[in-house]
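Notes for the structure review
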Amino acid sequence: MNNAVTIVRVSLNDANTLLELSRKTFFDAFLSTNNPADMEAYASTAFTLPKFQFELINPNSAFYFALVDNEIAGYIKLNYVDAQTELQDPDALEIERIYVLNDFQGQQIGKQLINLAIQTAVDKNLKYIWLGVWEHNTKAIKFYRSKGFEQFGSHPFMLGSDKQTDILMKKEL
Ligand SMILES: CC(C)(COP(=O)(O)OP(=O)(O)OC[C@H]1O[C@@H](n2cnc3c(N)ncnc32)[C@H](O)[C@@H]1OP(=O)(O)O)[C@@H](O)C(=O)NCCC(=O)NCCS
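Summarised in this report is the structure supplied together with it. Just so you know, these numbers come straight off a predicted model, no measurement behind them. (Residues numbered from 1 in each chain as written. Predicted model: local features only at pLDDT ≥ 70, side-chain atom pairs only at ≥ 80, totals over all residues. Heavy atoms only, no water.)

Looking at the packing of helix α1 (residues 15–30) against helix α3 (residues 49–57)
- The interhelical angle for the contact between α1 and α3, taken along N-to-C directions, is 115°, at an axis separation of 10 Å. Handedness of the crossing formed by α1 with α3: right-handed. Here α1 contributes A15, N16, L18, L19 and S22 to the contact with α3, which in turn contributes L49, F52, Q53 and L56.
- Across the contact of α1 with α3, the residue classes break down as six nonpolar, three polar and no charged. (Axes fitted to C-alpha atoms, helices over the stretch in contact; angles between N-to-C directions. Helix = DSSP H or I, 4+ residues; strand = E, 2+ residues; numbered from the N terminus. Left-handed = near helix turned anticlockwise from the far one by under 90°. Contact = heavy atoms within 4.5 Å. Nonpolar A, V, L, I, M, F, W, Y, C, P; charged D, E, K, R; others polar.)

Have a look at this one:
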């Protein structure tokens, strides 16, 4: 049986916790399939306290933790309007990041985080949700497909000096 999951909005006070979690889940997920120097080059600019503080006070971004028995199990980052990393369509919501800690994967936590994104977009009368995912991240692509996302394009993504391809996926609402 799965434990009850609580989803809470991340506040500015949680910036350090969010930063640690973001780094850990990023390295856990991608270090075994990428060059460590490229990983660190990306992380050293993407995961800094000032950047997270800036993002946490941006009214067009929202982070949420998933908690299991008060323990943080994962998080999601949502962007609206001009906080979106691309498109910046006011009728769209971007899922910029969704990560579940290894020990908690496969327990429907990712599903509940993505359901929160879908419900939030529906409540705001948005037309679609979109995201970018590394073309080799088959597990995540399968997960997004199971939630009704379909590919609509691709774009280059620089992981340090490594030019990768992200698949762009969207779910119409
Ligand atoms: C992708 C991720 C967020 C999914 O979260 P999760 O909590 O593990 O997934 P859930 O338990 O909610 O599973 C939801 C669906 O995903 C699929 N899935 C989850 N784990 C799977 C696994 N180990 N193997 C195959 N499919 C799996 C299933 O279709 C499942 O649906 P079900 O209800 O039929 O079982 C999580 O695995 C993760 O954090 N991965 C590493 C980071 C990452 O790649 N993030 C995305 C970056 S774009």
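A word on the environment of T25
- Its location among the elements puts T25 in helix α1.
- The contact partners of T25, leaving out residues within four places of it in the chain, are Y75, Y99 and L101.
- Within the structure, T25 has its side chain in polar contact with the backbone oxygen of L21 (distance 2.8 Å). (Polar contact = N/O pair within 3.5 Å; in protein donor to acceptor, adjacent residues only side chain to side chain.)

A closer look at the site of the ligand
- Taken together, 20 residues surround the ligand, and among them V100, Q108, G110, K111 and N137 come closest.
- Backbone polar atom of Q107 to an oxygen atom of the ligand: 3.2 Å apart, as the coordinates give it.
- Between the ligand and the protein, one listed contact pairs an oxygen atom with a backbone N or O atom of I109 at 3.5 Å.
- Listing elements by their share of the shell around the ligand, those giving two or more residues are α1, β4 (92–100), α4 (109–123), β5 (128–134) and α5 (138–146). (Near = heavy atom within 4 Å.)

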